[in-house]
Every structure is written in structure tokens, then in C-alpha cells.
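The primary structure of each chain is shown beneath.
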Amino acid sequence: MAEAAPLWWALALPPVLAVAAAATALAAAPAGHGVAPLRELARRRRRTVAADAPLATLGAVLLPLAAVSGAVVLPLGFRSVSDLAVGVVWFNAMAALAWPAVWLAGWGPNSALSLIGGYRFLAQGLAYEVPHMLALTTAALGAGSLRVGAVVEAQRGLWFVTWMPVAFAVHLLSAAAMAFWGPFDRPVGRDVAGGAAGELGGADRLSFLGGRWLLLVVAAGMAVPLFLGGGHGPLLPAWCWTLVKTAAVLAALLWLRRRLPAVRMDRFAAVAWTVVTPLAVAQALVVAVVVLGR
Amino acid sequence: MGVRAALRRRAVARPAVLLAAVPGGTPSRLAVERAVRAAGWPLVEGPAAADLLVVAGRPAPGAAGWWDELYDRLPGPRARVSVAEPEHAARALSAGRDLLRAAGGAAARPARPSGRHGGPGPGGPVVAGPVVAGPVSDHLPLAERGDDRDGLRLDVLRLPLGPVLLDWPAGLVLRLALQGDVVVSATMDPPSPAPAAGGPPFWDEPWLRAARGEPVARAAAARRLCAAHLDSVGRLLGVAGWAALAGSAHRLRDGLLTGADPAAVRRGARSLVRRGERSLTARWMLRGLGRLPTALARRAGVTGPALAAGGDAYDRFRCWLAEIERSAGLLTAPGLLGAGERVGPRGRLGGGRPPSAALLDVLPRLVEGSEFGAARLVVASLDPDLDELSRAAAHG
């Protein structure tokens, strides 16, 4: 059972995540992009003609809020800010908040290309969300609980990644897809001149793109308690293992981005539904049979 | 206030650049891209992310106000410079940074260009038309309806694309009618005439000079050919969202144009070509886009790689890669180019029409019916060079 964390953890969570996201962004950026957040703070907000500015701002603010709320159930070592009884569902619900966030940011500026970006994310959601839910379900099934602490506890001996490799791979793909990042970056792609983020300037832009990095870190971080044994590991303290494993997952994602061109949903959606989803179902089935037989 | 000023100073140390290339300004565009990369500044995809607008090339007279409109979309603090001659690129960029520093101090006012590097000046913009991602403004007509490909009646949005987009042929304006993000029809604006001062189209230069009887080394032509294809491949990869490999292609191109060692180029080209050829994702994403069978290509008068590939965007990509490897092998070839050798990077030169004219003829047909992202890939996989056309328009 996970221990209760002191209250100040809740206050420390956003800045800690922000530092982690900034470190990831710095590691991923080519030379020159390092000062991007500073750049945005120095800029003015911008307006487009007949824009629905409050909606765009709402979208931009919602994205980091979703990421931080999802991180509430993320354990550092064996402690999280709140180890909810339905932690896995909570994480998925918060991650799904990215859908309205990106859509609103794309719709708000009243610009065709940013609207296309918003639409692209919805199509992406339709492709990745079902396999992702199945992957989360599989981990919860293996532990017999929706509590993230219990999932970590169930991996005391054997990490879930060893007997649910498909679910783990699906979760990694979904982490990149939900943060519309790397090969899944078409919603904010360069081919649509920045897409959903294309007309955001100043603080809105910082909040939106920063939220995207937060979401990536949180989604990658979630792979650690769900599949990589959380804080379990020899020698090092539990919190240290969490950090090391999270960094390893992020490094794998960064490597993937360098290796692949972007994946368009008009091609990927078909594969997601005909290949990835059945594979994820089969994985869940295998785990269910093992759990029943124990 | 002190914090804000400090932030501004840090931010403008490496300004984000929006590069607007003018037809005929290819050497300037390449010089700016090279200088921006050397300085480690980011090259951004739209005005919202930009601090500094750089106009590469010599804008033709007429149609004033267009550059101002683009410039007005930068959030600010902002500045703009123009680079008419490639040699001035680095100097213009640092002048732009100085302008930005000054603009940061006077935050309330939009930065006004001044001095030698200050904006397009009396030259004005090239093409009267849309800027990046034109927002639907109040005074535009409402979207009308039309039958879509499934027989439904859906709203049709008219969206002009270009001339300023990242990895987009300089000067091309494609007017799309969109239903959702499906292109239902596409028409092209006629290319604008290039200013009289411009030389021959940069990428075709060695062959055109050889045709005039000037001595052109075979190795120099191979160098230009290899660089032209690397430029095209880099842009296609940029649109395809493979920034890492696009960056390698552009670095190789810059190396070629600044006289890099042939052996190093060959090594770099081989590694690039292998990575491109081995990528299953690239094949999966480009297969079936913009199919141009050999018969159709020949009838339209297409020559060069697009004819040789005789297929879809992926075939053209592979054809470019093969050409890169082949021409990289010719970098030390002895002898001079014969006057009869007139096949440039985009096809046969010296006929009545430049090769890019045929590419532009087939372009609308190839993008119709495709999704927006696919349409951009099709344009990038043909990569017409409007320098060739604007020269023709100026002469004819």
C-alpha cells in the first residue's frame, strides 16, 4: 500500500513537473530552441480577425491543467499526491481533457490551418484512445485494482512489462500521440504552419506548448508505475528509481522521434483499428487468463 | 518591468526567423538558411512564432502593402530585414537582431524598419495575395456549399496557400477549395515576373551557361545537381515531419554549395540515402500520393526525375535519393559540360518551356481529392522551381 504524502507535495507538484518538462524540452531541442519559453514570455499576445479569443485561451490553459491533474496519481517512489482508488481511470480521464484543449485552441483563432490542426487531433484521438484504454485496463487487470499504488505493489517480483509487452508498447505510442509529439505531431505540424498552435502568441503559446511537454512527461512517467515496476529496484532509493526509469522512457521516445517521419492519421487510423486494437485485446485476454489461473 | 526587459534581452539573443523567399531569390534563401543555422537560431513555420521577418530575394515592384500585412501578423517585439544579395545574409541577420533589441525597448510601438536593411523599401511585395494561414476575415463571403466526394452537400472553404510557407516553392500561390480538409479543387496564380536584375535560375545555371557556350566543369554541374536534389528532399522530409533527416539533407546541401570535400559529401550522402531508403514509415506515408504515371507525365511534357520515377510521391522520393547518390559520385568527374547536355535538376532545359511549367500543369490534378497534409506532400514531392517560370514570364 502506498503511504500518504504530506500536503506540501500537492504544492510542489506543478513546479517539479515544469522543471521535468523543461529538462525534456531542452534535451529534445536542436541548438537555438532552448530559450523558447523565455521568448514567449517576452512576446505580446496576438489577435486574429473575428477570433474567439476566450476559447483559444481556454484551450491553451486547459492543456497544462490536464497534465498536472493527471500527475496527481503519479507516484514518486511509492508515494503520490493522492493515491485515488480509481487512479488509473483518473489518469485516463485527465489525459482525455487534451482533446477539448487542442480542439479549442485550434478553433478559437478562426484560421483555417489551425482548425485543420484541431481536427487532426480529434482523428488522432479516435486512433489511439481505444488501444490506450485497453493497455491501461490490462495493467489494472494484472494487479486486480485500479489504484496506481496497488499496481506498483503487484510488480514487487515481476515487472508487468515482462508479461504485457504489447500493452507497454501501446502505452508508449499513446504517450506520444496524446502529447501530439514526435511522429504524432501533425496536429501542430509544420505542414499546417503550426496547426492548432499556429495562431497562438505570447502567454497562450507558452501555456499550450508547455502543457504539451508536461503531458508528454506525465504520460511517459505513467509507464513507470504501470509497467516498469514503479519504485522497485535494487540499491537505489525508490524515488531515484522512478526518476531513472522515467528518464529512460523519455529517452526512448526522443530516440523514436529522430528515427521516424510523422505519421498521418488518414493512414494510421486504419492500422490502429485493424492491428493495434486487436493486439491490445489479445494482450488483455492473455493477462485475464493468467490472473484467473493464479 | 525589469524582469520583462531582461527576458526580452535573452529572447532576442537568438531570434526566431520567419523566412519569406521571393521567386528568383534562391541564392539569398540558401544563404539565409545557412546563416540562420550557423547562428543556431530557430527557423519557424508561421508569423505567430516569429521575432524576425527575413525577406530573401529582390521583391518586384508593385502590389505594395503585402509585406506589411505579413509583418503585422508577428506578435512583436519584431523586426524585418531583406536580403537582396546572398553575401549580405549574415550582416542582415545581425542587423535584424539589433533592430529587435531596439524594438524590445520601445515595446508599445510596433517595430518600424529603418536604414539599409529596413524592409522591402520602395520595392514592395511580389505577389498580392494571402499570407500564411489566412484567417477568415469579416468581409469575406460566407462559405458556399458543394457536393463532396461521397455525394453529400458540404461547405466549401476557399483557402489560398502560399507564397510564404515553410518548405514551399517560393512564389507559388495555390488556391484550394476545401471541404473539411479534403481538397476539392485547386487552381494556381500565374507566376510573377522576376526583376530584370536577376541572373538565370540558380539551380539550372550550369546547364544554361554551358548551352550558351561557356566552359562549365562537369564536377561543378554535379555539385549543383546534387545540392538541388538535397534541397528538394530536405523540403519533402520537412513537410513529412522528419526534422532530423531534413536537417541532415540541408546541412549536406550547404556543405556542397560552400565547397565541402567530395569524399565527406559522398559519405554523408550515402548515410542519408540509406536512412531514407530503409524507412518503412516513409514508404507507408508517401505511397499512393500524387500518382503520375509515365504516360500521363510524358503527355504533359514532364521531364526529369518526376518522369523517371513514373509513379507516386514515394517513387519520386526514391528517385531523388538515387540521383543524390549518383551525382555525389560525380563530384570529381573531369572535363567540361557539353553544350548538348541540358538536363537540369527538374528536367530538360532549353526547350520552349522550362521543366517546372510542366510540373505546375500537372500539380492541380494531383492534389485534387487528397487530404490537406497529402496535398502538401504532393507539392513537395514535385518541388517546382518558380525561378524558372518567373524568368520566362519576364522575357516573354
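Conventions we followed
Residues numbered from 1 in each chain as written. Chains lettered and ligands numbered in written order. Predicted model: local features only at pLDDT ≥ 70, side-chain atom pairs only at ≥ 80, totals over all residues. Heavy atoms only, no water. Helix = DSSP H or I, 4+ residues; strand = E, 2+ residues; numbered from the N terminus. Rg over C-alpha atoms; globule rule 2.2 N^0.38 Å. Buried < 20%, exposed > 50% of the residue type's maximum accessible area, 1.4 Å probe, protein only. Contact = heavy atoms within 4.5 Å. Areas by Shrake-Rupley, 256 points an atom, 1.4 Å probe, with all protein chains shown as cover. Lys, Arg positive; Asp, Glu negative; His and termini not counted. Charge placed at Lys NZ, Arg CZ, Asp CG, Glu CD. Buried area = accessible area lost by both parts, 1.4 Å probe. Salt bridge = Lys/Arg side-chain N within 4 Å of Asp/Glu carboxyl O. Polar contact = N/O pair within 3.5 Å; in protein donor to acceptor, adjacent residues only side chain to side chain. Core = buried A, V, L, I, M, F, W, Y, C linked by side-chain atoms within 4.5 Å. Pairing = 2+ DSSP bridges. Axes fitted to C-alpha atoms, helices over the stretch in contact; angles between N-to-C directions. Domains from an automatic or database assignment. Phe/Tyr/Trp six-rings, centres within 6.5 Å; stacked < 30°, edge-to-face > 60°. UniProt positions renumbered as here; feature names shortened; annotations may be inferred. Parallel < 35°, antiparallel > 145°, perpendicular 65-115°, else oblique. Left-handed = near helix turned anticlockwise from the far one by under 90°. Nonpolar A, V, L, I, M, F, W, Y, C, P; charged D, E, K, R; others polar. Expected span 1.5 Å × (residues − 1). Arc of directions from axis to C-beta. Right-handed = clockwise from strand over helix to strand, strands pointing away.

Colleague: Hey, could you run me through the overall build of chain A in this one?
Modeller: Counting its regular elements, chain A contains 12 helices and 0 strands. When the helices and strands of chain A are placed in sequence order, the string is α-α-α-α-α-α-α-α-α-α-α-α. Computed over C-alpha atoms, the radius of gyration of chain A comes to 19 Å, within 12% of the 19 Å expected from 2.2 N^0.38 for 294 residues, which places it in the range of a compact globule. Residues classed as buried in chain A amount to 55% of the 294 residues present. Taking the intrachain contacts of chain A between residues at least 6 apart in sequence as the baseline, contacts between residues at least 24 apart amount to 80%. Accessible surface for chain A amounts to roughly 11400 Å². Of this, 76% is attributable to carbon and sulfur atoms. Of the charged side chains in chain A, 21 are positive and 11 negative; the average position of the first set lies 7 Å away from that of the second.

Colleague: What is the right way to look at the overall build of chain B in this model?
Modeller: Scanning chain B for helices and strands turns up 15 helices and 9 strands. Taken across its 396 residues, chain B has 58% of its residues classed as buried. Of the contacts formed within chain B by residues at least 6 apart in sequence, a portion of 74% connects residues at least 24 apart. Summed over all atoms, the accessible surface of chain B reaches about 15600 Å², with 55% contributed by carbon and sulfur.

Colleague: I keep staring at the interface of chain B and chain A and nothing clicks. Help me out?
Modeller: One widely used convention gives an interface's size as the accessible area the parts lose upon coming together. Taken together, the contact pairs 58 residues of chain B with 41 residues of chain A. Carbon and sulfur atoms make up 56% of the area that chain B and chain A hide from each other, which totals about 4400 Å². Summed over the shared surface of chain B and chain A, the number is 1 salt bridge. The salt bridge involving B:Glu371 is made with A:Arg120; its shortest N-O contact spans 4.0 Å. Taken together, the links from chain B to chain A amount to 11 residue pairs in polar contact (both at pLDDT 80 or more).

Colleague: Whenever I open this one, the environment of B:Gly255 confuses me. Can you help?
Modeller: With respect to the element layout, B:Gly255 can be found in helix 7 (residues 243–257). With 10 residues separating them in the primary sequence, B:Gly255 and B:Val265 have C-alpha atoms 7.6 Å apart.

Colleague: Any chance you could explain the nonpolar core here in plain terms?
Modeller: Side chains of nonpolar character tend, in soluble globular proteins, to be buried together. One finds A:Leu63, A:Trp181, A:Phe208, A:Leu226, A:Phe227 and A:Val249 to be the most contacted residues of the largest nonpolar core, which totals 76 residues. Here this core gets 14 residues from one element, more than from any other, and that element is helix 10 (residues 202–227) of chain A. With 74 residues, the next largest nonpolar core counts A:Val192, B:Cys226, B:Ala228 and B:Ala282 among its residues.

Colleague: Mind showing me how you'd approach the sheet that holds strand 1 (residues 17–21) of chain B here?
Modeller: Sheets are built from strands that pair by backbone hydrogen bonding, the pairs being arranged parallel or antiparallel. All names here are of chain B. Spatial ordering of the open sheet is given by 1-2-3, a layout of 3 strands whose pairing is parallel. Each edge of the sheet is formed by a strand with only one pairing partner; in this case those strands are strand 1 and strand 3 (79–83). Each strand of the sheet is rotated relative to its neighbour by a mean of 20°, with strand direction disregarded. The pairing of strand 1 with strand 2 (residues 52–56) spans 5 bridges and is classified as parallel. The residue bridging valine 17 from the neighbouring strand is leucine 52, located in strand 2. Of the strands in this sheet, strand 1, strand 2 and strand 3 touch helix 2 (residues 26–39), which is tilted by about 165° from strand 1.

Colleague: Would you explain the domain arrangement of chain B in this entry?
Modeller: All names here are of chain B. Taken domain by domain, chain B holds domain 1 (9–105), domain 2 (155–188) and domain 3 (204–393). Of the residues lining the interface, 20 residues belong to domain 2; the matching set on domain 3 comes to 19 residues. With both chains or domains summed, domain 2 and domain 3 bury close to 1500 Å², and 67% of this area falls on carbon and sulfur atoms. Applying the counting rule to domain 2 against domain 3 returns 0 salt bridges. Taken together, domain 2 and domain 3 are joined by 6 residue pairs in polar contact (both at pLDDT 80 or more).

Colleague: Would you mind going over the packing of aromatic side chains with me for this structure?
Modeller: Residues and elements named next belong to chain A. Per the stated rule, a full pass over the model turns up 12 aromatic pairs over all chains. With 5.8 Å between their ring centres and 65° between their planes, phenylalanine 168 and phenylalanine 227 make a pair best called edge-to-face. Of this pair, phenylalanine 168 sits in helix 9 (residues 165–178) while phenylalanine 227 sits in helix 10, and the two are 59 residues apart along the sequence. Assessed through its relative accessible area of 16%, phenylalanine 168 is described here as buried. Looking at phenylalanine 227, the relative accessible area reads 0%, which means it is buried.

Colleague: I tried to follow the UniProt feature "transmembrane region" (unreviewed entry) in chain A on my own but got confused; where do I start?
Modeller: All names here are of chain A. Feature annotation in UniProt places "transmembrane region" (unreviewed entry) on residues 6–32, 53–78, 84–105, 126–146, 158–181, 213–230, 236–256 and 268–292, given in this structure's numbering. Helix and strand shares over residues 213–230 are 83% and 0% respectively, and the end C-alpha atoms of the span are 21 Å apart. As annotated, residues 268–292 has a helix share of 100% and a strand share of 0%, and its two end C-alpha atoms lie 34 Å apart.

Colleague: Where do I start with the packing of helix 7 of chain B against helix 8 (residues 262–278) of chain B in this structure?
Modeller: Helix-helix packing is described using two parameters, namely the angle between the two axes and the distance between the axes. Residues and elements named next belong to chain B. Where helix 7 contacts helix 8, the axes come no closer than 10 Å and their chain directions differ by 155°. Put simply, helix 7 runs roughly antiparallel to helix 8. The handedness of the crossing between helix 7 and helix 8 comes out as left-handed. Between helix 7 and helix 8, the contacting residues are Leu245, Ser248, Ala249, Leu252 and Leu256 on the first element and Val265, Gly268, Ala269, Leu272, Arg275 and Gly276 on the second. Classifying every residue of the contact of helix 7 with helix 8 by side-chain character gives 7 nonpolar, 3 polar and 1 charged.

Colleague: Explanation requested: helix 8 of chain B in the structure shown.
Modeller: Residues lying three or four places apart along an α-helix face the same way, a consequence of the helix completing one turn every 3.6 residues. Spanning 17 residues, helix 8 of chain B covers 24 Å between terminal C-alpha atoms, matching the ideal 24 Å at 1.5 Å per step. Every buried residue of helix 8 of chain B is listed here: B:Pro262, B:Val265, B:Ala269, B:Leu272, B:Val273, B:Arg275 and B:Gly276. Each buried residue of helix 8 of chain B lies within a common arc of 160° when the element is viewed along its axis, so the set occupies one face. Turned more than 90 degrees from where helix 8 of chain B packs its buried face, B:Arg267 and B:Arg278 sit exposed. Close packing links the buried residues of helix 8 of chain B with helix 11 (238–259) of chain A together with helix 6 (218–239), helix 7 and helix 12 (313–328) of chain B.

Colleague: Mind showing me how you'd approach the pattern of salt bridges here?
Modeller: A pair can form between side chains of opposite charge whenever their charged atoms are brought close. Residues and elements named next belong to chain B. Under the defined criterion, the tally for this structure stands at 28 salt bridges over all chains. The residue arginine 253 makes a salt bridge to aspartate 231 at a minimum N-O spacing of 2.5 Å. Placement of arginine 253 in helix 7 and of aspartate 231 in helix 6 is noted, with a sequence separation of 22 residues between them. By the burial criterion, arginine 253 is buried, and aspartate 231 matches it. The salt bridge involving arginine 274 is made with glutamate 277; its shortest N-O contact spans 3.1 Å.

Colleague: Is there a simple way to explain the side chain of B:Arg224 in this structure?
Modeller: All names here are of chain B. You can see arginine 224 is positioned in helix 6. The buried category is assigned to arginine 224, whose relative accessible area is 17%. A polar contact is formed between the side chain of arginine 224 and the backbone oxygen of phenylalanine 202, at a distance of 2.7 Å. Leaving out residues up to four positions away in the same chain, arginine 224 has contacts with Phe202, Trp203, Glu205, Pro206, Trp207 and Leu257.

Colleague: Looking at this model, I keep getting lost on the pairing of strand 1 of chain B. Mind explaining?
Modeller: Strand residues, when the strand is regular, have side chains that alternate between the two faces of the sheet. Burial within strand 1 of chain B is extensive, with 5 of its 5 residues counted as buried. With helix 2 of chain B bridging strand 1 of chain B and the parallel strand 2 of chain B, this β-α-β connection has left-handed handedness.

Colleague: Would you mind going over the environment of A:Phe78 with me for this structure?
Modeller: Locating A:Phe78 in the fold gives a position in the loop between helix 3 (53–70) and helix 4 (87–96). In sequence terms A:Phe78 and A:Gly231 are 153 residues apart; their C-alpha atoms lie 6.1 Å from each other.

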